[in-house]
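Here are the chains, one letter per residue:
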Amino acid sequence: MAKIDLKGNIQAFPDEETFKKIYADCLDNAPFASDEIFEAHEKMKEWFNTYIAASDEYTFRYAYQCGYEAAIKEVMQKGGAA
């Protein structure tokens, strides 16, 4: 990891090991997210799943329609009735 070089070549962390220790301590002492954040995350996950399901349905519908149209075209070219 590149060392942070501030004005006058002062480095924020003397070495990687010190940085990792300070960073780990910071993560250990970080505040927990509020219930509002967890609830919003759950809503986002639900909306994303709804979006993916709609996208999958659209893709299936489009592919099915394309296949149907190709089959009808093939039948019509061979003189069959649709």
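Residues numbered from 1 in each chain as written. Predicted model: local features only at pLDDT ≥ 70, side-chain atom pairs only at ≥ 80, totals over all residues. Heavy atoms only, no water.

Let's talk about the overall build of the protein chain
Working step 1: Assigned secondary structure in the protein chain consists of 2 helices and 0 strands.
Working step 2: Across the 82 residues that make up the protein chain, the buried fraction comes to 1%.
Working step 3: Approximately 7900 Å² of the protein chain is accessible, and the part contributed by carbon and sulfur atoms is 61%. (Helix = DSSP H or I, 4+ residues; strand = E, 2+ residues; numbered from the N terminus. Buried < 20%, exposed > 50% of the residue type's maximum accessible area, 1.4 Å probe, protein only. Areas by Shrake-Rupley, 256 points an atom, 1.4 Å probe, with all protein chains shown as cover.)

Quick notes on the pattern of salt bridges
Working step 1: Overall, the coordinates contain 4 salt bridges when judged by the stated rule.
Working step 2: A salt bridge links Lys21 to Asp25; the shortest N-O distance between them is 3.1 Å. Of this pair, Lys21 and Asp25 both sit in helix H1 (residues 16–28), 4 residues apart, roughly one helical turn.
Working step 3: Put simply, Lys78 and Glu74 hold a salt bridge, and the shortest N to O gap is 3.2 Å. (Salt bridge = Lys/Arg side-chain N within 4 Å of Asp/Glu carboxyl O.)

Side note on the packing of aromatic side chains
Working step 1: Inspection of every chain in the model, using the stated rule, returns 5 aromatic pairs.
Working step 2: Where Phe48 meets Tyr51, the ring centres are 6.3 Å apart and the plane angle is 35°; that geometry is what we call tilted. Within this pair, Phe48 and its partner Tyr51 are both found in helix H2 (residues 35–77), separated by 3 residues, close to a single helical turn.
Working step 3: Accessibility expressed as a relative area gives 49% for Phe48, which makes it partly exposed.
Working step 4: On the accessibility criterion, Tyr51 (53% relative accessible area) is exposed. (Phe/Tyr/Trp six-rings, centres within 6.5 Å; stacked < 30°, edge-to-face > 60°.)

What to know about H2
Working step 1: Given a rise of 1.5 Å per residue, 43 residues ought to cover 63 Å, and the 63 Å separating the end C-alpha atoms of H2 matches this to within 8%.
Working step 2: Following H2 by one or two positions, Gly79 adopts a phi angle in the positive range, close to 85°. (Expected span 1.5 Å × (residues − 1).)

As for a nonpolar patch on the surface
Working step 1: A cluster of nonpolar side chains, namely Phe48, Tyr51 and Ile52, defines an oily patch on the protein surface of about 320 Å² accessible area.
Working step 2: Under the relative-accessibility criterion, Ile52 is labelled partly exposed at 33%. (Patch = residues over 30% accessible without salt bridge, like charges linked within 9 Å, V, L, I, M, F, W, Y side chains within 5 Å.)

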